[in-house]
Amino acid sequence: RNVNATDLWTPYIYYADAVAPHDSGYLLGTNAYKDKAKAEMYTYANNGKQIKAIQAYLYVKGTSGNVTFNVWNDASGVPGTVLATKAVAISSLTTGYNTITLTTPVTQGSIFYVGFLIPTATGDTIAVACNDGTNGVANAGFEEWSDASWIAYSDANDYSTDLNNFIFPIMCPATTTSIEYNELG
């Protein structure tokens, strides 16, 4: 995983603006900048494993829209083609850890991304927790800007810090019919 075990004890949800009133939304979620998606990159040798689910620590508010969770392949260092997707009603998500089981498990390449599209329904809000940026993995946390370009949080043109999304793939042997353990754990 990209997050140290001690970081998991203190998930951070950051506002997009540093001063009150916090009216610009969330740094890693719904915000005034109209970010389109958030994703976390993973490097892992396949070894016959499949991504069967995604686990994410979220802040959610809303009742009407859907959140689409995706697994993307790598396209020269940023998320590329969607390999698997699952739309989930925002009303069924909770603030805290959520496990989203993919409809069809996916076999990924050695570099892949897991994340979600930010819902656009009025009143729907989502944010993903992250570490505090002091000991994260560089170039692993990503966001898709409103112009459809992907950028790493650690890039000097973005936050210039090693934030990592609390979004994790749950990987199991291809022959497993249920989620029994998290291979990356």
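Structure first, text after, so check above.
Rules behind the numbers
- Residues numbered from 1 in each chain as written.
- Predicted model: local features only at pLDDT ≥ 70, side-chain atom pairs only at ≥ 80, totals over all residues.
- Heavy atoms only, no water.
- Helix = DSSP H or I, 4+ residues; strand = E, 2+ residues; numbered from the N terminus.
- Buried < 20%, exposed > 50% of the residue type's maximum accessible area, 1.4 Å probe, protein only.
- Contact = heavy atoms within 4.5 Å.
- Pairing = 2+ DSSP bridges.
- Axes fitted to C-alpha atoms, helices over the stretch in contact; angles between N-to-C directions.
- Core = buried A, V, L, I, M, F, W, Y, C linked by side-chain atoms within 4.5 Å.

S.K.: Any chance you could explain the environment of Gly96 here in plain terms?
M.R.: Relative to the helices and strands, Gly96 resides in strand E5 (residues 96–106). Take Gly96: its relative accessible area is 8%, and that puts it in the buried class. Separated by 37 residues in sequence, Gly96 and Tyr59 have C-alpha atoms that sit 6.6 Å apart. Those residues in contact with Gly96, other than ones at most four positions away along the chain, are Ala56, Tyr57 and Leu58.

S.K.: Which parts of the structure should I look at to understand the sheet that holds strand E6 (residues 111–117)?
M.R.: In sheet architecture, strand pairing relies on hydrogen bonds along the backbone and comes in two forms, parallel and antiparallel. Read from one edge to the other, the open sheet built from six strands follows the order E4-E3-E6-E1-E8-E9, with strand pairing classed as antiparallel. Looking at strand neighbours, the two that pair on one side only are strand E4 (79–89) and strand E9 (150–152), the edges of this open sheet. Looking at each pair of strands side by side, their axes are set apart by 25 degrees on average, direction ignored. Pairing between strand E3 (residues 66–74) and E6: six bridges, direction antiparallel. Residue pairing across strands places Trp72 opposite Tyr113, the latter belonging to E6.

S.K.: Looking at this model, I keep getting lost on the nonpolar core. Mind explaining?
M.R.: General note: in soluble globular proteins, nonpolar side chains tend to be found buried as a group. By size, the foremost hydrophobic cluster in this structure holds 33 residues, and its most contacted members are Leu58, Phe69, Val71, Phe112 and Phe116. Secondary-structure elements contributing two or more residues to this core are strand E2 (49–61), E3, E4, E5, E6, strand E7 (125–128) and strand E10 (167–173). Of the residues forming this core, the biggest block, five residues, is contributed by E2. In this view, Phe116 contacts Leu28, Lys36, Ala37, Lys38, Leu58, Val67, Thr68, Phe69, Trp72, Ile126, Val128 and Ile167; residues no more than four positions away in its chain are not counted. Core analysis: the next-biggest nonpolar cluster, separate from the first, contains eight residues, Ala37, Ala39, Trp150 and Ala152 among them.

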